[in-house]
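# Observations on the three-dimensional arrangement
Take a look at the letters that make up each chain.
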Amino acid sequence: MAEYDHYIDGEWVAGEGGEFDSENPATGETLGTFPQGTESEVETAIAAANDAYEEWRSLSYIDRAEYLWEIYHELRDRHEELGEIVTRECGKEISEGKADVTEAWHMVEWAAGNARHPHGDIVPSEIPAKDAYMRRKPRGVVGCITPWNFPVAIPFWHMAVTLVEGNTVVWKPAEQTPWCGQIIAEMFDDTGIPDGVFNMLQGFGDAGAAIVEGDVDTVLFTGSAEVGHEISQQVARDPDKNTACEMGGKNAVIVTEHADLDVAVHAAVMSSFKTTGQRCVSSERLVVHTDVYDEFKRRFVDVAESVAVGDPLAADTFMGPVVDESQVEKFHRYNDLARKEGAEVLVDRAELDADEIPAAPDGGAATAADDAHSGRDASGYWVGPFVYEIDYDTDLRCLKEEVFGPHVALVEYDGDVDRAIEIHNDVPYGLAGAIVSEDYRQINRYRDRGEVGLAYGNLPCIGAEVQLPFGGVKKSGQGAPSAREVIEAVTERTAWTLNNSSDIEMAQGLSADITTGD
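None of the values given here were measured: they were computed from a predicted structure.

Together, I122, Y133, W496 and L498 line one region of the surface with nonpolar side chains, adding up to about 420 Å² of accessible area. Looking at the secondary structure, you find W496 in strand β24 (residues 491-499).

Right, dumping it as structure tokens:
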């Protein structure tokens, strides 16, 4: 079993604190041992990033992007290998593991390619002799804190654009996926990027907090709403800092009376069960019109009862394990809450049969844990779909609080699409959502009134592309720490006006004459 280090100021640095292991959530196998970052190590990394900033920003966009192009080619060349590592460390099935890597190289390609695209805006001036335009400059050191469910893609959402724009980086990967973080750091090291421009520290929330509290200029965060709100509040107390946080959601798919039910069921299954419901954009609510409710319910339940849960490295698996025991416990806790709040359970595969769980690492059969709600067995952390129907009530916690698992509520509605949108919006979150309808007026109504940052028509509410902003509204965050929109968080914009005349003439008719008392 390998032991790994931090990457600080161009060097691999042994940790001065404790250690922790990365575990395969499907098998319980230990994948590696990693250092637990300390506050002093974070301070050292931030100091290195600050020291490297002036030299890095002095390079051209194109020169900075050259380092990213090397990573782009390595991601493509190692697609199969890295996809399997993603699957082994976070548990999502193998096509998703590979797609994670593909998304990473798409993001790097977008950021590095953007280096040769026009930057800034030329704006007409009222005064013919004036040139007016807007230009950007980097903010400085950017702290990046990323989640475990997209352990290769999301780091590059944050870091690729940030680096090309001339900032330096201090990054903490999620503690559940440090091996993926290690590999990304090795890629940066292989490029020969100048010392201090990229720094990576492993660890837990205290290391992330030290980044937020340290001498950084911007914080980019993707993760839970609870942590993101703490970061936003901390950053708001310092007027010199900026942040972009993308957090969770209680996302919904609306199925209207004019829906194509083949599309609706397919979209709902993808939205609810891909990544075992552990996407920030996963749907935990299906809001279905009464005219098609019974037929939709029958078809959705049929799929949920048979969707393939198993070895995430197997090509015929649709759902792998959840990432750790805390996710299993939360899943069961919210299943119990739904029952207490009056849910009629339609599918209960929360406790999987023994033959659905892959064999333990020693080849023996998996055995359930003594605690029926622990989800911890001889070979990982396993749950299956939990589906229920419940009458809509604005006070139901099971319809308001994010579970982050394959926990899905069917809610029947009557009336026009505005009623469905009202239910859809009646949550504190506003990340993603979808509508399935063959009526373009209903789709456009949802487009205009749905309170989400990511909206889809006749599609699942997952699967965003890298060239689009990825962020939400309400409790789901502010800003979009990916693609074009992350530029707003990691650069300062200057409105520049140059007078080409020997005379001074002002806009708005303001007099430029200087009068004296003589």
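Turning next to the sheet that holds strand β5 (residues 121-123). Ordered by their spatial adjacency, three strands build an open sheet running β5-β6-β24, and the pairing between neighbours is antiparallel. This sheet does not close on itself; its edge strands, each paired only once, are β5 and β24. Averaged over all neighbouring strand pairs, the angle between strand axes comes to 25 degrees, with direction disregarded. Where β5 meets strand β6 (residues 130-138), three bridges bridge the pair, whose relative direction is antiparallel.

An order of β14-β17-β18-β13-β12-β20-β21 is seen for the seven strands of this open sheet, with the pairing classed as mixed. At either end of the open sheet lies a strand with only one pairing partner, and these are β14 (344-348) and β21 (454-457). Strand-to-strand twist across the sheet, computed as the mean angle between neighbouring axes with direction ignored, equals 20 degrees. Relative to strand β18 (residues 407-413), strand β17 (residues 386-389) runs parallel, the two sharing four bridges. Residue pairing across strands places F386 opposite H407, the latter belonging to β18. Here helix α11 (residues 325-340) sits on the sheet and contacts β14, β17 and β18; the angle it forms with β17, its principal contact strand, is near 20 degrees.

With twelve residues, helix α5 (residues 153-164) extends 17 Å from end C-alpha to end C-alpha; this agrees with the ideal 16 Å at 1.5 Å per step. Burial within α5 is extensive, with twelve of its twelve residues counted as buried. Turning to α5, its buried residues are A153, I154, P155, F156, W157, H158, M159, A160, V161, T162, L163 and V164. Where α5 ends, the next residue or the one after it, G166, has phi of about 105 degrees, a positive value.

Taking 1.5 Å as the rise per residue, helix α10 (residues 290-306) with 17 residues should run 24 Å; its terminal C-alpha atoms sit 25 Å apart, in good agreement. At F296, α10 shows its maximal kink, close to 30 degrees. Of all the positions in α10, only V292, Y293, F296, K297, F300, V301 and A304 are classed as buried. Close packing links the buried residues of α10 with β12 (251-255), α9 (261-273), β13 (283-289), β14, β17 and β18.

The next thing to look at is the packing of helix α4 (residues 94-114) against α5. Closest axis-to-axis distance for the α4/α5 pair is 9 Å, and the angle between their directions is 10 degrees. Between α4 and α5, the angle falls in the class roughly parallel. Residues D100, E103, A104, M107, V108, W110, A111 and A112 of α4 touch α5, and the partners they reach there are A153, F156, W157, A160, V161 and V164. Classifying every residue of the contact of α4 with α5 by side-chain character gives twelve nonpolar, no polar and two charged.

The backbone of D9 shows a phi angle near 55 degrees, a positive value even though the residue is not glycine. Relative to the helices and strands, D9 is located in the loop between β1 (6-8) and β2 (11-13). We note that K474 has phi near 55 degrees; this positive angle belongs to a residue other than glycine.

Here we come to the side chain of R279. Secondary-structure assignment places R279 in the loop between α9 and β13. At 3.0 Å, the side chain of R279 and the side chain of E96 are in polar contact. Once residues within four sequence positions are removed from consideration, R279 is found in contact with E96, N149, F150, K274, F404, I462 and G463.

Parameters at a glance
- Residues numbered from 1 in each chain as written.
- Predicted model: local features only at pLDDT ≥ 70, side-chain atom pairs only at ≥ 80, totals over all residues.
- Heavy atoms only, no water.
- Patch = residues over 30% accessible without salt bridge, like charges linked within 9 Å, V, L, I, M, F, W, Y side chains within 5 Å.
- Areas by Shrake-Rupley, 256 points an atom, 1.4 Å probe, with all protein chains shown as cover.
- Salt bridge = Lys/Arg side-chain N within 4 Å of Asp/Glu carboxyl O.
- Helix = DSSP H or I, 4+ residues; strand = E, 2+ residues; numbered from the N terminus.
- Pairing = 2+ DSSP bridges.
- Axes fitted to C-alpha atoms, helices over the stretch in contact; angles between N-to-C directions.
- Contact = heavy atoms within 4.5 Å.
- Expected span 1.5 Å × (residues − 1).
- Buried < 20%, exposed > 50% of the residue type's maximum accessible area, 1.4 Å probe, protein only.
- Bend = angle between axes of the 7 residues up to and from the residue.
- Parallel < 35°, antiparallel > 145°, perpendicular 65-115°, else oblique.
- Nonpolar A, V, L, I, M, F, W, Y, C, P; charged D, E, K, R; others polar.
- Polar contact = N/O pair within 3.5 Å; in protein donor to acceptor, adjacent residues only side chain to side chain.

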